[in-house]
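Residues per chain, in single letters:
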Amino acid sequence: MDDKTRTELEAAAFRRLRQHLMEDRPDVQNIDLMNLAGFCRNCLSRWYEEAATERGIEMSKAEARKIFYGMPYDGWRAQQDAATPEQKAAFEKAFAENVTNKS
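Residues numbered from 1 in each chain as written. Predicted model: local features only at pLDDT ≥ 70, side-chain atom pairs only at ≥ 80, totals over all residues. Heavy atoms only, no water.

Asker: Got a minute to help me understand helix α2 (residues 30-37) in this structure?
Answerer: The set of residues buried in α2 consists of N30, I31, L33 and M34. Looking straight down α2, one finds its buried side chains confined to an arc of 160°; they lie on one side. Where α2 is buried, its residues contact α1 (3-24), α3 (41-54), α4 (61-69), α5 (73-78) and α6 (85-98). Phi for G38, located one or two positions after α2, is positive at around 80°. (Buried < 20%, exposed > 50% of the residue type's maximum accessible area, 1.4 Å probe, protein only. Helix = DSSP H or I, 4+ residues; strand = E, 2+ residues; numbered from the N terminus. Arc of directions from axis to C-beta. Contact = heavy atoms within 4.5 Å.)

Right under this line is the structure:
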């Protein structure tokens, strides 16, 4: 497979993942994704921002989140349920293991 085709397939898979998380399963909380998988929608938007930066494209965290979420992040958060104490405790552990130690 040539590089152009591989890149197109990877981009298509990313778009489908975004659709799944934003349209098919918006009920799945970011905190649950982080706790179970070690990444969430915010991670995906951060990786998008990092990819832009690597290519010399200036993009803020807020801009990347708006692109990924399809709306300002505060609008998305307002639609979500509040996290339980158990979710928050699990998140602290998952964040430390998957984000803090990787940065």
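Asker: Looking at this structure, I do not really get the environment of R65. What am I missing?
Answerer: With respect to the element layout, R65 can be found in helix α4. The class of R65 is buried, set by a relative accessible area of 16%. On a C-alpha basis, the gap between R65 and W76 in space is 9.9 Å, while along the polypeptide they are eleven residues apart. If sequence neighbours within four positions are ignored, R65 has contacts with N42, S45, G70, M71 and Y73.

Asker: Looking at this model, I keep getting lost on the packing of aromatic side chains. Mind explaining?
Answerer: As enumerated under the stated definition, the model contains seven aromatic pairs in all. Aromatic pair F68 and Y69: ring centres 5.9 Å apart, planes at 80°, arrangement edge-to-face. Taking relative accessible area as the criterion, F68 reaches 2% and is therefore assigned buried. Taken together, the aromatic side chains of F14, Y48, F68, Y69, Y73 and W76 make up a single cluster linked through ring pairs. Sitting over the ring of Y73, R65 keeps its end group 4.1 Å from the ring centre. (Phe/Tyr/Trp six-rings, centres within 6.5 Å; stacked < 30°, edge-to-face > 60°. Lys NZ or Arg CZ within 6 Å of the ring centre and 35° of its normal.)

Asker: Help me understand the packing of α1 against α3 in this model?
Answerer: To characterise two packed helices, one gives the angle between the axes of the helices and the distance between these axes. One way to put it is that α1 packs onto α3 with a least axis distance of 11 Å and a crossing angle of 150°. In terms of crossing hand, the pair formed by α1 and α3 is left-handed. Where α1 abuts α3, its residues F14, L17, L21 and M22 lie against R41, L44 and Y48. Among the residues making up the contact of α1 with α3, the classes are represented as six nonpolar, no polar and one charged. (Axes fitted to C-alpha atoms, helices over the stretch in contact; angles between N-to-C directions. Left-handed = near helix turned anticlockwise from the far one by under 90°. Nonpolar A, V, L, I, M, F, W, Y, C, P; charged D, E, K, R; others polar.)

Asker: For this particular structure, what's the right way to read the side chain of E49?
Answerer: Among the secondary structure elements, E49 is positioned in helix α3. In this structure, E49 is buried with no salt-bridge partner, the nearest side chain bearing the opposite charge being R46 at 6.9 Å. Residues within four places of E49 in sequence aside, it is in contact with M59, S60, K61 and A64. (Lys, Arg positive; Asp, Glu negative; His and termini not counted. Salt bridge = Lys/Arg side-chain N within 4 Å of Asp/Glu carboxyl O.)

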